[in-house]
Amino acid sequence: MAEHSEESSSSGVESLVDKIKEKIHDHDSSSSDSDNEKSSPSPVKSAVYRLFGRQKPVHKVFGGGKPADVFLWRNKKISGGVLGGATAIWVLFEMLEYHLLTLICHCLILSLAILFLWSNASTFINKSSPRIPEVCIPEDVVVNIALSLRFEINRAFAVLREVASGHDLKKFLAVIAGLWVLSIVGTWCNFLTLFYIAFVLLHTLPVLYEKYEDQVDSFAEKAVAEIKKQYAVIDAKVLSKIPRGPLRDKKKA
């Protein structure tokens, strides 16, 4: 009887230990499954808002070549040199009131005088004459620049034609507002200063946007939503009450 009681008690202890192990195993498996569900990305992700509907990285938007490296300060020496050169040109023409034709003539006079004196002095001091490089503009570069300018000008004309046709009221108001703001800025400064401001902004805003991309996109998303809400109010109260011609109504019908 004692042996039977000992066996029953030991079997009870073993069964209790087995139950505890099963509970621990179930708890570990459930916790690991929940961790895997949290760590594994959901198959359908919500679309992230990007400024101007951008889908590529900022570097790819600027072409991904050397100009993009300069604008995004991939090489700080080159970018700083370009910005410093533009600043020197602006100071020279705007602050010191130098003229472009005068600057070109003075640079040519100085260069030709130095090369002429050096070429003649080399015969007296028994040194080789200066090697003047042969400058030749490649035809491919000129053709590519002309084609790019032609494409951009034609696209601008197409946009202006579409706006003037009266099919898109939103685009018409945006273009009018942009031209009005540009005309006001034009009264504050001349073309050179305006070009220099645009050049400086092109060398500062993209790199700042790339650094604070998420914060800017989040703020822009809220701003665009607010603008759309205000435009809907203006459209309901003002724009929808503007009488429309028969051609516009027939097209919609």
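Remarks on the overall build of the chain
When helices and strands are tallied, the chain shows 10 helices and zero strands. Sequence-ordered secondary structure for the chain, helices as α and strands as β, is α-α-α-α-α-α-α-α-α-α. Within the chain, buried positions represent 10% of all 253 residues. Considering only contacts within the chain whose residues lie at least 6 apart along the sequence, 56% involve residues at least 24 apart. When the accessible surface of the chain is split by element, carbon and sulfur atoms take 67% of a total near 21,400 Å².

Structural notes on helix 7 (residues 169-188)
In this model, helix 7 (20 residues) spans 29 Å end to end at C-alpha, consistent with the 28 Å of a helix rising 1.5 Å per residue. A side-chain oxygen of the first residue of helix 7 lies 3.2 Å from the backbone nitrogen of Lys-170; this N-cap is Asp-168.

Overview of the packing of helix 8 (residues 191-211) against helix 9 (residues 213-237)
When two helices pack together, their arrangement is given by the angle between their axes and by how far apart the axes lie. With their axes 5 Å apart at the nearest point, helix 8 and helix 9 run at an angle of 95° to one another. Our classification of the angle between helix 8 and helix 9 gives roughly perpendicular. Within the contact between the two elements, helix 8 uses Tyr-209, Glu-210 and Lys-211 and helix 9 uses Glu-213, Val-216 and Asp-217. Residues that form the contact of helix 8 with helix 9 fall into these classes: two nonpolar, no polar and four charged.

Cut-offs used in this document
Residue positions within a chain follow its written sequence, with the count starting from 1. The model is predicted, so local features are restricted to residues of pLDDT at least 70 and side-chain atom pairs to those at 80 or more, both for listing and for counting; the totals for chains, interfaces and linings are taken over all residues. Neither water nor hydrogens contribute to the side-chain values; these are computed over all heavy atoms in the structure. Every helix listed is a DSSP run of H or I at least four residues long, and every strand listed is a run of E at least two residues long, numbered separately from the N terminus. Burial status follows relative accessibility: with a 1.4 Å probe on protein chains alone, a residue under 20% of its type maximum counts as buried, one over 50% as exposed, and anything between as partly exposed. Here a residue-residue contact requires only that any non-hydrogen atoms of the pair lie within 4.5 Å. Under the convention used here, a 1.4 Å probe and the Shrake-Rupley method define accessible areas, while residue burial counts only the protein chains that appear. Multiply 1.5 Å by the residue count of a helix minus one, and that product is the helix's expected span. We define a polar contact as two N or O atoms separated by no more than 3.5 Å, with the added condition that, inside protein, one atom must be a possible hydrogen donor and the other a possible acceptor, whereas residues neighbouring each other in sequence contribute only through side-chain atom pairs. The axes used here are C-alpha line fits, helices contributing only the stretch in contact, and every angle between their N-to-C directions lies in the interval 0 to 180 degrees. For classification, angles of less than 35 degrees are called roughly parallel, those exceeding 145 degrees roughly antiparallel, those between 65 and 115 degrees roughly perpendicular, and all remaining angles oblique. Residue type decides the class: Asp, Glu, Lys and Arg count as charged, Ala, Val, Leu, Ile, Met, Phe, Trp, Tyr, Cys and Pro as nonpolar, and the leftover types, Gly among them, as polar.

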